[in-house]
Amino acid sequence: CQGFPYKRILTFTIWDSIHKIGAAIIPYLILPFSQQILGNLTQVSYYTMAFSFVVIAKFSFASINDLIFPYLAEKTNKNDFIHFLGKVLLIMGIIALGVIVVSYIIVPFIITFLFGVKYMGAIPIFKLIILGEVVIGVSILFEMILEILGIVRFKAWSILVNLAIFIVTIPFLLHNYGIFGAAYSFILFSIIRIAFNTVGVLIYINKLKIN
């Protein structure tokens, strides 16, 4: 183990963990904010029900991201890296379209069939937050690229800024749009997340130590 880069690995892990913790908790902060501000457990249950079905997108994008990670990491030529990334984005687009179509057609039927008309109020909320989850699925690809480039500090600070924006805006959205404001806050979180990551990739990709 002589010469093993303990400090670099620990530093990488700390910054990456800050990002992952922030990205994980922000969606779940919506529930306590909604309960406190709206005080309507029926509406909150609609959001909870809707959010439970976004695993469709989570699993789909997690699979493709796990699959292509080693292919991106092994690229030794910048042009090859960018060319392969373009193909991956095309696949992501196809998956995103498929997830949205299936979600809009199948999930409302499943909710109605399993839970009856009582939870039909969750359907329009689901149709909103599934869009945010699709954006996050693509955003994770860019986060993975930042990890490959070792730019985890940028990821950490971007999610902390996103958290600050979220905390400031969600009360306004809930007060003005009710439980739909919770869905809008999730979409806003996903848009800011992919925006930061896209900027980060565009800035730091030139720092690739490849030809």
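It should be emphasised that the depicted structure is a prediction, and the values quoted were computed from it without experimental measurement.

Peer 1: Which parts of the structure should I look at to understand the overall build of the chain?
Peer 2: Along the backbone of the chain there are seven helices and zero strands. Reading the helices (α) and strands (β) of the chain from amino to carboxyl end gives α-α-α-α-α-α-α. Dimensions of the chain, computed from the C-alpha atoms along their principal axes, are close to 60 × 35 × 30 Å. The contacts of the chain with a sequence gap of at least 6 include a subset with a gap of at least 24, amounting to 84%. Just so you have it, the chain exposes about 11300 Å², and 71% of that area is on carbon and sulfur atoms. Here the chain contributes 14 positive and 7 negative side-chain charges, whose respective centroids are spaced 6 Å apart.

Peer 1: Teacher, can you tell me more about helix 6 (residues 152-177) here?
Peer 2: For an α-helix the count is 3.6 residues per turn, leaving residues at separations of three or four pointing the same way. Relative to the 38 Å expected for 26 residues at 1.5 Å per residue, helix 6 spans 35 Å between its end C-alpha atoms, a close match to the ideal helical length. Of all the bends found along helix 6, the most pronounced is centred on Thr169 and spans about 35°, while Pro171, a proline, follows it within four residues. If you check which residues of helix 6 are buried, you get Val152, Phe154, Lys155, Ala156, Ser158, Ile159, Asn162, Leu163, Phe166, Ile170, Leu173 and Leu174. Residues of helix 6 that are buried in the fold lie against helix 1 (6-38), helix 5 (122-149) and helix 7 (179-204). Note on helix 6: the residue one or two positions beyond its end, Gly178, has a positive phi of about 65°.

Peer 1: What exactly am I supposed to notice about the pattern of salt bridges here?
Peer 2: Between side chains of opposite charge, a pair can form when the charged atoms approach closely. Tallying each qualifying case throughout the model produces five salt bridges. For Asp16, the salt bridge is made with Lys20, and the minimal N-O distance between the two is 2.7 Å. Of this pair, Asp16 and Lys20 are both found in helix 1, four residues apart, which corresponds to roughly one turn of the helix. What makes Lys20 partly exposed here is its relative accessible area of 41%. Close ionic contact of Lys20 with Glu147 constitutes a salt bridge, the shortest N to O distance being 2.7 Å. Taken together, the positions of Lys20 in helix 1 and Glu147 in helix 5 put the pair 127 residues apart, joining distant regions of the chain. In this structure, a network of salt bridges that share partners links the residues Asp16, Lys20, Glu147 and Lys155.

Peer 1: Would you take a moment to explain the environment of Thr42 for this structure?
Peer 2: Along the polypeptide, Thr42 turns up in helix 2 (residues 41-52). For Thr42, a relative accessible area of 46% corresponds to the partly exposed category. Taking the C-alpha atoms as reference, Thr42 lies 9.8 Å from Ile179; in sequence the two are 137 residues apart.

Peer 1: Help me understand the packing of helix 4 (residues 78-115) against helix 5 in this model?
Peer 2: A pair of packed helices can be characterised by two numbers: the angle between their axes and the separation between those axes. In contact at an axis separation of 10 Å, helix 4 and helix 5 are set at 160° when each is read in the N-to-C sense. In this view, helix 4 runs roughly antiparallel relative to helix 5, as classed from their interaxial angle. The two elements helix 4 and helix 5 cross, and the hand of that crossing is right-handed.

Parameters and conventions
- Residues numbered from 1 in each chain as written.
- Predicted model: local features only at pLDDT ≥ 70, side-chain atom pairs only at ≥ 80, totals over all residues.
- Heavy atoms only, no water.
- Helix = DSSP H or I, 4+ residues; strand = E, 2+ residues; numbered from the N terminus.
- Contact = heavy atoms within 4.5 Å.
- Areas by Shrake-Rupley, 256 points an atom, 1.4 Å probe, with all protein chains shown as cover.
- Lys, Arg positive; Asp, Glu negative; His and termini not counted.
- Charge placed at Lys NZ, Arg CZ, Asp CG, Glu CD.
- Expected span 1.5 Å × (residues − 1).
- Bend = angle between axes of the 7 residues up to and from the residue.
- Buried < 20%, exposed > 50% of the residue type's maximum accessible area, 1.4 Å probe, protein only.
- Salt bridge = Lys/Arg side-chain N within 4 Å of Asp/Glu carboxyl O.
- Axes fitted to C-alpha atoms, helices over the stretch in contact; angles between N-to-C directions.
- Parallel < 35°, antiparallel > 145°, perpendicular 65-115°, else oblique.
- Left-handed = near helix turned anticlockwise from the far one by under 90°.

Scope: geometric values only; no functional claims are made or implied.
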